[in-house]
Amino acid sequence: MWAPSRRQLCLAFLLVCILSAASVFLHLHHDLFRNVLDLSFLCPDRHLMTPPVAIFCLPGTPLAPNASSSCPEQPASLSGTWTISPEGRFGNQMGQYATLLALAQLNGRRAFILPAMHATLAPVFRITLPVLAPEVDARTPWRHLQLHDWMSEEYLSLQEPFLKLTGFPCSWTFFHHLREQIHREFTLHDHLRGEAQRFLSQLRLGRGGARPRTFVGVHVRRGDYLQVMPQRWKGVVGDRAYLQQAMDWFRARYKAPIFVVTSNGMKWCWDNIDTSKGDVVFAGNGQEGSPGRDFALLTQCNHTIMTIGTFGFWAAYLAGGDTIYLANFTLPDSEFLKIFKPEAAFLPEWVGIKADLSPLWTSQSPYPQVRVDGCPQK
């Protein structure tokens, strides 16, 4: 029978002592380790963060390629925590998301979105930015920065590690250098893209039933802008004449186009858009609370006609192709021009058609000032 030597017995005794000490240490620090394990459970593959930063990943957040967790990994070189206040509607929050992503990367910071923005965008797009827990948002020592709607040199060297951006940024000057990444972030979910493609594939021209060769998405912004633009900003929305000019521009350049109209004022579109050529279809449902279907239709078209607003901007930006937009839609003395720069709002290759401002010039009454907190929702 094998008998251990005295040296082996001593080593075994020493090992037992070490294990006993470790057990006592773990018992005394049980609460500390339990908290660490709880945090790891929220994002199992993420390294622990220095307080007060902690995140959780909401159901439905898509996985990065070859990832085993729903928590997207950030490059090791990034630090700090940046986010942006989700304000406004769908197009506003797309602009906020893209601007946060771009500015955070430029400044070497980690970008997180808040749950409200995730709830708005995630049902439509395969967005990847992680979500900041509400309790962490509440206790983080934020510095707030109100953004204007164009890129400035000052935004290239922001030193704050905990920064919450605010405002309604939606200028291509913030993010156009990342356009491929922006397109990936705003990739439609398969069911929305498939539904839009099936709808477009069934469209026919006129009574002959010929297949259209070119699809032009048309977004007509109305709703609250019917009051906000003339009353607060001395401006107009797209009218019947503008839409006719824009459609004729495409008819003159493309064979067999079809115009797919969406709007939050569809009745006006039915009454004012000429359908006599058999190349117009009213496709949108106009539901502002669930914009996914309308937006998917617009982005699956080849080209875009937009009036005003960020919903139309993003449809045109993602669709690519030619874009016609409403230009010079305010009076020269409008306060809107202090917060809006056309050259930063519309891509240089897009084509503008000047708005008819005669309803403003001929108005016999002064412009009433209505209460509008901040930038109008677009």
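Cut-offs used in this document
- Residues numbered from 1 in each chain as written.
- Predicted model: local features only at pLDDT ≥ 70, side-chain atom pairs only at ≥ 80, totals over all residues.
- Heavy atoms only, no water.
- Helix = DSSP H or I, 4+ residues; strand = E, 2+ residues; numbered from the N terminus.
- Buried < 20%, exposed > 50% of the residue type's maximum accessible area, 1.4 Å probe, protein only.
- Contact = heavy atoms within 4.5 Å.
- Areas by Shrake-Rupley, 256 points an atom, 1.4 Å probe, with all protein chains shown as cover.
- Pairing = 2+ DSSP bridges.
- Axes fitted to C-alpha atoms, helices over the stretch in contact; angles between N-to-C directions.

(A) Highlighting the overall build of the protein chain. Within the protein chain, the regular secondary structure consists of 15 helices and 12 strands. A buried classification covers 49% of the 378 residues belonging to the protein chain. In the protein chain, of all internal contacts separated by at least 6 residues, the share reaching a separation of at least 24 is 69%. Taken as a whole, the protein chain presents about 19500 Å² of accessible surface, with 56% of it coming from carbon and sulfur.

(B) Local environment of the sheet that holds strand S5 (residues 143-146). Taken in spatial order, the 4 strands line up as S3-S2-S6-S5 in an open sheet, and their pairing is parallel. Pairing within the sheet leaves two strands with one partner each, and these edge strands are strand S3 (109-111) and S5. The average undirected angle you get between the axes of adjacent strands in this sheet is 30 degrees. Relative to S3, strand S2 (residues 79-84) is paired through 2 bridges, and the arrangement is parallel. Opposite Trp82, over in S3, you have Ala111 as the bridge partner. Of the strands in this sheet, S2, S3 and strand S6 (162-166) touch helix H3 (residues 90-106), which is tilted by about 160 degrees from S2.

(C) Up close: the pairing of strand S11 (residues 323-327). S11 sits mainly inside the fold: 5 of its 5 residues count as buried. Where burial is concerned, the two faces of S11 agree: the one with Thr323, Tyr325 and Ala327 and the one with Ile324 and Leu326 are both buried. Two elements, strand S10 (residues 303-306) and S11, share 2 bridges in a ladder whose sense is parallel. When the sheet's bridge partners are listed, Thr304 is paired in S11 with Thr323.

(D) Representation of the side chain of Ser334. Examined against the element boundaries, Ser334 turns out to sit in the loop between S11 and helix H14 (342-345). Once you skip the residues sitting within four places of it in the chain, Ser334 turns out to touch Trp233 and Lys234.

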